[in-house]
Amino acid sequence: MPSVAEQTLAGLRVLVTRPAHQAEGLIDALQKQGGEPIPFPLLEIEPIDESDRGAYNLIKARILDLDLYAGVIFISPNAARIGEQWIDQYWPQLPVGIDWLAIGAGTAATLESLGIHAYHVKNGFDSEALLADPLLENIAEKRFLILRGEGGRELLAETLRSRGADVDYADLYRRVCPRYSQAEIKSTIYAQRLSVILITSGMALDNLLELAGAESDLLETALIVPSRRIADLARARGFTRIRIADGPDDSSMIRALAAY
């Protein structure tokens, strides 16, 4: 059991909205510091499979052509995990001469654990940080593959193309809004007041409002987000108490939470 001094989050009821398979570490850390984590995943990750033959075959074609790319960019830990499975299926040995790039330390760490050493911008957690890195300055006529979830942001590809690069996508998975009954939503969100809500993506924020409604009790709850972009989205949707963490990783979110 942690000492009283270590229980910096005692008394806080914290809504944890990460996908279930990504939330265990955060939930454990909150409990160790005396907080009460309330799991409420706002995204489910569904890998593209052979039931969607067109999308599946496009991914396969991109992976088979992997050695034609100067750089391969993994957008998220989910893209890293699913992308590595695709690469391992068709490339028993990684092709050489490719710059393996990751958005954020979490994505890079996932790749490292899977045997792919990828470059990431230190203290950078988004596409903007990678685009500002000198590695992506002189890329005219180079070819890049972006591994991501379906329907992600276009900033990265658009900027790379504006610098003269050729860019392809492999959309590896879909982010789906989970299903909850009204009783589950009421008991989790409204029956007992939440102290803080942790949100790490714009889609999760939209799903929260779609599921729970833009009620004043929700919009007045403290919200912690990982970037100014998501803070601006939250403010535009009516949230009034927003704190920006240093990044989307567990330790950054918990440091921001400790301020409450």
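As a reminder, the structure under discussion sits directly above these lines.
Described in the following lines is the structure provided in the data block. (Residues numbered from 1 in each chain as written. Predicted model: local features only at pLDDT ≥ 70, side-chain atom pairs only at ≥ 80, totals over all residues. Heavy atoms only, no water.)

### Topic: the pattern of salt bridges
Where we set the bar: In the sections that follow, a salt bridge refers to a side-chain nitrogen of Lys or Arg positioned within 4 Å of a carboxyl oxygen of Asp or Glu. Numbering of helices and strands runs from the N terminus; a helix is a DSSP stretch of H or I covering at least four residues, while a strand is a stretch of E covering at least two. For each residue, the accessible area found with a 1.4 Å probe, counting protein chains only, is set against the maximum for its type, and the residue is called buried under 20%, exposed over 50%, and partly exposed in between.
According to the stated counting rule, one finds 14 salt bridges in the structure shown. For Lys-32, the salt bridge identified is with Asp-28, shortest N-O distance 3.1 Å. You can see Lys-32 and its partner Asp-28 sitting in helix α1 (residues 24-32), 4 residues apart, about one turn around the helix. In this structure Asp-28 comes out as partly exposed when scored by relative accessible area, which is 36%. Across the pair Arg-148 and Glu-154 runs a salt bridge whose closest N-O atoms are separated by 3.4 Å. By relative accessible area, which is 6% here, Arg-148 ends up buried. Salt bridges sharing partners connect three or more residues here, namely Asp-52, Glu-150 and Arg-174.

### Considering unusual backbone geometry
Despite not being glycine, Asn-123 shows a phi value in the positive range, around 65 degrees. Take Asn-123: its relative accessible area is 67%, and that puts it in the exposed class. At Glu-141, a residue that is not glycine, the phi angle is positive and equals roughly 70 degrees. Position of Glu-141 relative to the elements: it lies in the loop between α5 (127-131) and β6 (143-149). Residue Glu-141 is classed as exposed on the basis of its relative accessible area, which comes to 75%.

### Let's talk about a negative patch on the surface
The criterion, for reference: Patch construction takes residues with relative accessible area above 30% that form no salt bridge. Like charges are linked within 9 Å, and nonpolar side chains (Val, Leu, Ile, Met, Phe, Trp, Tyr) are linked within 5 Å. What sets the accessible areas is the Shrake-Rupley method with a 1.4 Å probe; for residues, cover comes only from the shown protein chains. Working convention for charge: Lys and Arg count positive, Asp and Glu count negative, and His plus the chain ends are omitted. Taken as the charge location is NZ of Lys, CZ of Arg, CG of Asp or CD of Glu.
Residues Glu-44, Glu-46, Asp-49 and Glu-50 make up a contiguous surface patch of negative charge. Take Glu-50: it is sitting in the loop between β3 (44-47) and α2 (53-64).

### Re the pairing of strand β2 (residues 36-39)
Put simply, the rule reads: What makes two strands pair is DSSP finding at least two bridges between them.
Pairing between strand β1 (residues 13-16) and β2: 4 bridges, direction parallel. By the bridge assignment for β2, Arg-13 is matched with Glu-36.

### Considering the side chain of Arg-13
Note the cut-off: Here a polar contact means two N or O atoms within 3.5 Å. Within protein one must be a hydrogen donor candidate and the other an acceptor candidate, and residues neighboring in sequence count only if both atoms are side-chain atoms. A contact between two residues is defined here by any heavy atoms of the two lying within 4.5 Å.
Among the structural elements, Arg-13 can be located in strand β1. Its relative accessible area of 11% is what places Arg-13 among the buried residues. At a separation of 2.8 Å, a polar atom in the side chain of Arg-13 contacts the main-chain carbonyl oxygen of Gln-192. Excluding residues within four positions of it along the chain, Arg-13 makes contact with Glu-36, Ile-38, Gln-192, Arg-193, Leu-194, Ser-195 and Val-196.

### Quick notes on the sheet that holds β6
For clarity, the threshold we go by: Note on method: axes are straight lines fitted to C-alpha atoms, helices fitted across the in-contact stretch only, with angles between N-to-C directions ranging 0 to 180 degrees.
Pairing is mixed across the open sheet formed by 5 strands, whose spatial order is β3-β7-β6-β4-β5. Edge strands, defined here as strands with exactly one partner in the open sheet, are β3 and β5 (99-102). On average, each strand axis in the sheet is tilted by 25 degrees relative to the strand beside it, whichever way the strands run. The pairing of strand β4 (residues 71-74) with β5 spans 4 bridges and is parallel. Directly across from Phe-74, in β5, lies its bridge partner Ala-102.

### Here's the deal with the layout of surface pockets
For clarity, the cut-off: The method works on a 1 Å grid over the protein atoms by themselves. A cavity is a set of points holding a 1.4 Å probe that cannot get out, a pocket is an open set with protein on both sides within 12 Å along at least five of seven lines, and residues with an atom within 4 Å of a point line them. Grid points are joined across faces, edges and corners, and a volume is the space filled by probe spheres set on the points. Following the grouping adopted for this structure description, the nonpolar residues are Ala, Val, Leu, Ile, Met, Phe, Trp, Tyr, Cys and Pro, the charged ones are Asp, Glu, Lys and Arg, and the polar ones are all others, Gly among them.
In this structure, the largest pocket spans a volume of roughly 1,200 Å³. As for the largest pocket, its lining consists of 44 residues, and the residues nearest its centre are Ile-75, Ser-76, Pro-77, Thr-200 and Ser-201. If you list the elements that add at least two residues to the lining of the largest pocket, you get α3 (77-90), α4 (105-113), α5, β6, β7 (166-176), α8 (202-212) and α10 (228-236). Broken down by element, the residue count for the lining of the largest pocket peaks at 4 residues, all from α4. Looking at the lining of the largest pocket residue by residue, the classes come out as 17 nonpolar, 17 polar and 10 charged.

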